Amino acid sequence: MNEKIVLRYEVDPNDFTRAGEASSNVKRRLKLLGVDPDIVRKVAISLYEGEINMVIHSYGGIIEVIISPEEIEMILTDKGPGIEDIELAMQAGYSTAPDNIRNLGFGAGMGLPNMKKYSDEFNIESTVGVGTTVKMKVFIPKE
Amino acid sequence: MTVKEIREALGAKFICGEEFQDREVHSACGADMMSDVLAFMKEKSVLLTGLCNPQVIRTAEMMDVVCIVFVRGKMPDETMIEMAKEREIVLLSTGHRMFTACGILYEKGLRGGAPCQ
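On a predicted model such as this, the values are computed, not experimentally measured, just so you know. (Residues numbered from 1 in each chain as written. Chains lettered and ligands numbered in written order. Predicted model: local features only at pLDDT ≥ 70, side-chain atom pairs only at ≥ 80, totals over all residues.)

This next bit is on the overall build of chain B. Assigned secondary structure in chain B consists of five helices and five strands. When its helices and strands are written in sequence order, chain B yields α-β-β-α-β-α-β-α-β-α. In terms of overall size, chain B behaves like a compact globule, its C-alpha atoms giving a radius of gyration of 12 Å where 117 residues would be expected to give roughly 13 Å. Across its three principal directions, the C-alpha atoms of chain B cover 35 × 30 × 25 Å. (Helix = DSSP H or I, 4+ residues; strand = E, 2+ residues; numbered from the N terminus. Rg over C-alpha atoms; globule rule 2.2 N^0.38 Å.)

Written as structure tokens, this is what we have:
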């Protein structure tokens with residue numbers, strides 16, 4: 001694996017039957033590429049949380065994953081209501097998800113904290129009424 | 001502890017994945033909130049849950065869960081079973097409630113990891 005691999009997925013809002021398909025696909029690709037299981041796990045968890053967030057909160061968006069020998073970069077861009085107070089949204093336990101989402105097992109307010117916890121670099125930018133962009137990186141340590 | 005031993009201890013039945021019953025499980029997590037599973041679960045674990053929807057299988061996939069035990073006799077639908085088969089995740093169903101099922105496995109020596117901060 002010397003060249004960059006770019007994977008791109010569209011995420012539909014409110015489609016819970018397909019929610020997680022992109023993350024599942026990325027996880028399989030990384031496994032096939034022989035990436036260390038601990039790294040795969042970090043990517044899978046942070047990306048899955050991000051994908052679920054997009055399904056719950058956004059009006060749709062794009063996930064782009066760039067795999068290189070040094071790192072895995074994930075860029076999640078959505079159109080949506082945006083986040084008014086990012087600092088508050090980053091607090092564990094804070095959630096604006098409605099009850100029907102909680103019934104699915106999400107909306108515990110752990111999504112953003114989990115993304116930050118499992119990625120090595122985490123950046124979030126949001127404009128109210130426009131949308132949110134999350135950029136995450138997981139580094140691949142040199143052997 | 002193996003999947004087989006978990007099944008026996010809980011008097012559970014296989015929904016799928018019987019061929020993987022000799023796989024080892026190192027820890028356990030009982031939760032209905034998938035976000036908590038994603039935050040705290042360790043690898044090679046068994047997940048006990050009362051939640052029964054496709055996101056349980058997806059979450060388990062992300063966490064490399066070996067086996068899912070549905071408590072209170074819950075049964076997943078065909079879509080979920082197919083998803084689990086594709087991902088080689090064992091599905092079990094037990095009539096025990098969450099507390100009892102977790103208690104039985106704890107008594108058998110299975111642990112859930114360090115306390116949260």
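Now that the structure has been shown, we can carry on.
What follows covers the packing of helix H2 (residues 37-57) of chain A against helix H5 (residues 111-118) of chain A. Residue and element names in this part refer to chain A. Direction vectors running N to C along H2 and H5 enclose 155 degrees, while the axes themselves pass 9 Å from each other. By the angle class used here, H2 and H5 are roughly antiparallel. The way H2 lies across H5 gives a crossing that is left-handed. Taken together, the residues of H5 that come into contact with H2 (itself represented by Lys-42, Ile-45, Ser-46, Glu-49, Gly-50, Ile-52 and Asn-53) are Gly-111, Asn-114, Met-115 and Tyr-118. Class assignment for the residues of the contact of H2 with H5 results in four nonpolar, five polar and two charged. (Axes fitted to C-alpha atoms, helices over the stretch in contact; angles between N-to-C directions. Parallel < 35°, antiparallel > 145°, perpendicular 65-115°, else oblique. Left-handed = near helix turned anticlockwise from the far one by under 90°. Contact = placed C-beta atoms within 7 Å. Nonpolar A, V, L, I, M, F, W, Y, C, P; charged D, E, K, R; others polar.)

At the junction of the two partners, chain B supplies 17 residues and chain A supplies 19 residues. Those elements that provide at least two residues to the side of chain B that touches chain A are helix H2 (34-40) and helix H3 (54-62) of chain B. Top element by residues in the side of chain B that touches chain A is H3(B). It accounts for six residues. Looking at the side of chain B that touches chain A residue by residue, the class counts come to eight nonpolar, three polar and six charged.

This part takes up the UniProt feature "domain: Histidine kinase/HSP90-like ATPase" (unreviewed entry) in chain A. Within this structure's numbering, the places UniProt gives as "domain: Histidine kinase/HSP90-like ATPase" (unreviewed entry) are residues 18-137 of chain A. Taken end to end, residues 18-137 of chain A is 41% helix and 25% strand, and its two terminal C-alpha atoms sit 24 Å from one another. (UniProt positions renumbered as here; feature names shortened; annotations may be inferred.)

Glancing now at the nonpolar core. In terms of nonpolar packing, the biggest core is built from 71 residues, with Val46(B), Cys67(B), Ile68(B) and Val69(B) touching the most fellow members. In terms of residue count, H2(A) provides more of this core than any other element does, ten residues in total. Among residues more than four places away in sequence, those in contact with Cys67(B) are Val3(B), Ile6(B), Val25(B), Val46(B), Val90(B) and Leu92(B). (Core = buried A, V, L, I, M, F, W, Y, C linked by C-beta atoms within 7 Å. Buried ≥ 20, exposed ≤ 12 C-beta atoms within 10 Å, placed from the backbone.)

With that out of the way, let us pick up the pairing of strand S5 (residues 131-139) of chain A. Residues and elements named next belong to chain A. Direction of pairing for strand S3 (residues 71-79) relative to S5: antiparallel, over a ladder of nine bridges. In the strand pairing of S5, Lys-79 is matched with Gly-131. Relative to S5, strand S4 (residues 121-127) runs antiparallel, the two sharing seven bridges. Residue Thr-127 lies in a different strand from S5, and its bridge partner there is Gly-131. The hairpin turn running from S4 into S5, its antiparallel successor, is three residues long, and Gly-129 in that turn takes a positive phi close to 85 degrees. (Pairing = 2+ DSSP bridges.)

So, about the sheet that holds S5(A). All names here are of chain A. Overall, antiparallel pairing links the five strands, which are arranged S1-S2-S3-S5-S4 in an open sheet. With one partner strand each, in any of the chains shown, strand S1 (5-11) and S4 form the two edges of the open sheet. Strand-to-strand twist of the sheet, defined as the mean angle between neighbouring strand axes without regard to direction, takes the value 10 degrees. Pairing between S1 and strand S2 (residues 61-67): seven bridges, direction antiparallel. Each residue of the ladder has a partner; that of Val-11, found in S2, is Gly-61.

Another point: the UniProt feature "domain: DRTGG" (unreviewed entry) in chain B. When the UniProt feature table is mapped onto this chain, "domain: DRTGG" (unreviewed entry) is found at residues 5-102 of chain B. Note that residues 5-102 of chain B is 37% helix and 21% strand, and that its end C-alpha atoms are spaced 14 Å apart.

Another point: the confidence of the model for chain B. Detailed conclusions should not be drawn from predicted coordinates in areas where pLDDT is low. Of all residues in chain B, 99% attain a pLDDT of 70 or more, and the chain-wide mean is 94. On the interface metric, ipTM, the complex scores 0.86, and its pTM is 0.91. (pLDDT = per-residue confidence, 0-100.)

All names here are of chain B. The mixed open sheet is built from five strands, whose spatial order is S1-S5-S4-S3-S2. If you trace the sheet from one side to the other, it starts and ends with strand S1 (13-16) and strand S2 (27-30), each paired once. Here the strands of the sheet are splayed against their neighbours by 25 degrees on average, with no regard to which way each runs. Where S2 meets strand S3 (residues 45-49), four bridges bridge the pair, whose relative direction is parallel. When the sheet's bridge partners are listed, Gly-30 is paired in S3 with Leu-48. Seen against the sheet, helix H1 (residues 3-10) touches S1, S3, strand S4 (67-70) and strand S5 (90-93) and runs at an angle of roughly 10 degrees to S4.

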